[in-house]
Amino acid sequence: FWAREARERSLTLWLGGFTLAVCLAVFGLVTGFDQLKSLREVTCDVSARVPKDEPLYTYDPDETTEALFPLYTGRLSVSLFSDEAVRERLAEHGTMYLVAIDKSYRRRQRRLDALKELGARVIFEDVRLNSRAFRLLVIEQREGEFSGKP
């Protein structure tokens, strides 16, 4: 009888300790991983580099990208889905800050090459292995280009 109670108590203590250790490890590791993979810091860095009175544009964003700036910075972004849309905005404003966020290297290079043809300069870059690559570009209308204004 006494041996059985002692065994039950030790098993209960052991299981309780094991459960506590697992919970602490999981919550500690998950929180650390979340902070490591979080896009908050890079989103805030990008937003801080764009003057407050200038619109922030995103180039062909996915759903996650569209939500980043309002979620982390409270700043809205304007999504542009084609080179033609970029040209139109550039003609209207003369200068624009454009964020290109890509997941694959091949797509990233094609986009960057297309945007460089428009005169885009990379002013901030954060490339993460096996994750997104952030590029903040500034595009200024070149001298003599059609401005779209009479």
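Read on for a plain summary of the structure.

Calculation notes
Residues numbered from 1 in each chain as written. Predicted model: local features only at pLDDT ≥ 70, side-chain atom pairs only at ≥ 80, totals over all residues. Heavy atoms only, no water. Core = buried A, V, L, I, M, F, W, Y, C linked by side-chain atoms within 4.5 Å. Buried < 20%, exposed > 50% of the residue type's maximum accessible area, 1.4 Å probe, protein only. Helix = DSSP H or I, 4+ residues; strand = E, 2+ residues; numbered from the N terminus. Arc of directions from axis to C-beta. Contact = heavy atoms within 4.5 Å. Pairing = 2+ DSSP bridges. Right-handed = clockwise from strand over helix to strand, strands pointing away. Phe/Tyr/Trp six-rings, centres within 6.5 Å; stacked < 30°, edge-to-face > 60°.

We now examine the nonpolar core. Judged by nonpolar contacts, the single largest core of 15 residues is most densely connected at Leu80, Val86, Met96, Leu98, Leu115 and Ile139. For this core, the elements supplying multiple residues, two or more each, are β1 (56-59), α4 (83-93), β3 (95-102), α5 (105-117) and β5 (133-140). Core analysis: the next-biggest nonpolar cluster, separate from the first, contains 14 residues, Val46, Val50, Leu56 and Val99 among them.

For helix α3 (residues 63-73), every residue scored as buried is listed here: Thr65, Leu68 and Phe69. Axial view of α3: buried residues confined to an arc of 80°, hence all on one face. Pointing more than 90 degrees away from the buried face of α3 are the exposed residues Glu63 and Leu71. Taken together, the buried residues of α3 touch α2 (40-48), β1, β3 and β5. Backbone geometry just after α3 places Gly74 at a positive phi near 75°.

A few words now on the pairing of β1. Here β1 shows a buried face lined by Leu56 and Thr58 and a second buried face lined by Tyr57 and Tyr59. As defined by bridge partners, β1 adjoins β3 across 4 bridges and the pair is classed as parallel. Bridge pairing links Thr58 to Val99 in β3. By the bridge criterion, 3 bridges tie β1 to strand β2 (residues 78-80) in an arrangement that is parallel. When the sheet's bridge partners are listed, Thr58 is paired in β2 with Ser79. Note on the crossover from β1 through α3 to β2: the handedness is right-handed.

Let us now look at the packing of aromatic side chains. For the structure shown, the criterion picks out 1 aromatic pair. The interplanar angle of 5° and the centroid separation of 5.5 Å between the aromatic rings of Trp14 and Phe18 together place this pair among those described as stacked. With a gap of 4 residues between them, Trp14 and Phe18 both fall in helix α1 (residues 2-37), about one helical turn apart. Its relative accessible area of 53% is what places Trp14 among the exposed residues. Among the residues examined, Phe18 registers a relative accessible area of 47% and is labelled partly exposed.

By themselves, these are just geometric observations and shouldn't be taken as functional.
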